[in-house]
Amino acid sequence: MCQKLLQRILPELEIDHIEVMETQKSIDEDIDARSVRLDAYVKDDSERVYSIEMQMTDTKELPKRSRYYSAMIDLQLLDKGMRYRYLNDSYIIFICPFDLYGKGRHMYTFDGRCKEDPELTIGDGATRIFLNTKGTMEDVSASLRAFLDYVDGRLSDDSFVQELEEAVDEAKKNREWRHEFMTLMLRDQENIEKGIELGRTEGRQEGIRLMVSALRDFGIPKEEIRKKIQEKYQLTEQELEVYLK
C-alpha cells in the first residue's frame, strides 16, 4: 500500500517494490542536536529513501522542519569516508489538511531550482513535497486527488481508497495498535503546545478538538476519552462538556 501511495505521488518513478519500511523511526545523531521521529521511513528497490509524514496543524515551520528532516536523514545515510556521490536520493513528503502556501494547489514540489534559470535544478537528489487535501486546482492525477479526498474525510469508489478504508477498519480493531496510537497521540503535543495562527489559547483548543475527534474515530469510549483529556489538560467538568458534546 505504501508503494501504491508513493507511485501516485511520484508517477515518474518506477518503484518495483519496497525494501525497508519503518514506522516511528527515530534519528538521534548527536546528543546535543534535536532528534527526529519519522512517521514512515521507506527505502525502495532503487535505494531511494522517503519520509512520509502526516501534519494536522499548520505550525508555520514546516518548510524548515522539512529541511531539518532531510539533513538528519542524510547524516545517517552516508558513512564516514564514503564519497558524496553515494548519497541516496531522498523525498520528504508531508500530507496536510491545509494549504501551506495558499495557492490552491494539491501538491507543492521543491527540488532546488536555479533562481536565474528556473529550468535548471541543483541535481542533489533531495526533493521536498507538501500535499494539500484542500486544493482547488486540477493539478494532480485523479488517483492522487482521490487519496487526498480520503484523508480529508471523503470516501470514493477508487480501488486504492477502498483498500485503505479496509486497512483502517482492521487497524481500529487491533488493541495493541490502538494502545500505541493513544500513547503516541498523548506524547506528541508539539503542534498543540505551540498553538496555531490564531494564538496559543486558540491553538490549544484546536489541538484538544483534534485529539477528541481522532480518539472517537478509533472507537475509544467516551469515559476513557474524558479521563485522558482531563488528565492532560486539567479541564473543568464544564470545559470537558464543551469538547465532548
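Quick note: structure is the one above.
Residues numbered from 1 in each chain as written. Predicted model: local features only at pLDDT ≥ 70, side-chain atom pairs only at ≥ 80, totals over all residues. Heavy atoms only, no water.

Draft legend 1. Geometry of the overall build of the protein chain. Along its length, the protein chain carries nine helices and six strands. Each of the 245 residues in the protein chain was classed as buried or not, and the buried ones make up 38%. Long-range pairs, those at least 24 residues apart, make up 59% of the contacts in the protein chain with a sequence separation of at least 6. Here the protein chain displays about 14800 Å² of accessible surface, and carbon together with sulfur accounts for 49% of that area. (Helix = DSSP H or I, 4+ residues; strand = E, 2+ residues; numbered from the N terminus. Buried < 20%, exposed > 50% of the residue type's maximum accessible area, 1.4 Å probe, protein only. Contact = heavy atoms within 4.5 Å. Areas by Shrake-Rupley, 256 points an atom, 1.4 Å probe, with all protein chains shown as cover.)

Draft legend 2. The arrangement of the packing of aromatic side chains in detail. Counting across every chain of the model gives eight aromatic pairs. Centre to centre, the rings of Phe 110 and Phe 130 are 6.1 Å apart; their planes meet at 70 degrees, and the pair counts as edge-to-face. Of this pair, Phe 110 sits in strand β5 (residues 107-110) while Phe 130 sits in strand β6 (residues 126-132); the two residues are 20 residues apart in sequence, bridging distant segments of the chain. We classify Phe 110 as partly exposed; its relative accessible area is 36%. Look at Phe 147 and Phe 160: their rings are 6.4 Å apart centre to centre, the planes differ by 35 degrees, and that puts the pair in the tilted class. A residue pair is termed long-range when its members are at least 10 positions apart, and Phe 147 in helix α3 (residues 142-151) and Phe 160 in helix α4 (residues 159-172) qualify at 13 residues. According to the relative accessible area criterion, Phe 160 is buried, its value standing at 3%. An aromatic cluster is built from Tyr 69, Phe 94, Tyr 101, Tyr 108, Phe 110 and Phe 130, whose rings are joined through pairwise contacts. (Phe/Tyr/Trp six-rings, centres within 6.5 Å; stacked < 30°, edge-to-face > 60°.)

Draft legend 3. Structural context of the pattern of salt bridges. Inspection of the entire model under this criterion finds 14 salt bridges. Linking Arg 226 and Glu 237 is a salt bridge whose minimum nitrogen-to-oxygen distance equals 2.9 Å. Remark: Glu 237 occurs in helix α9 (residues 237-244) and Arg 226 occurs in helix α8 (residues 222-233); sequence separation between them is eleven residues. Using a relative accessible area of 12% as the deciding quantity, one classes Arg 226 as buried. Taking the shortest distance from any N to any O, the salt bridge between Arg 226 and Glu 241 comes out at 2.5 Å. Of this pair, Arg 226 sits in helix α8 while Glu 241 sits in helix α9, and the two are 15 residues apart along the sequence. With a relative accessible area of 34%, Glu 241 lands in the partly exposed category. (Salt bridge = Lys/Arg side-chain N within 4 Å of Asp/Glu carboxyl O.)

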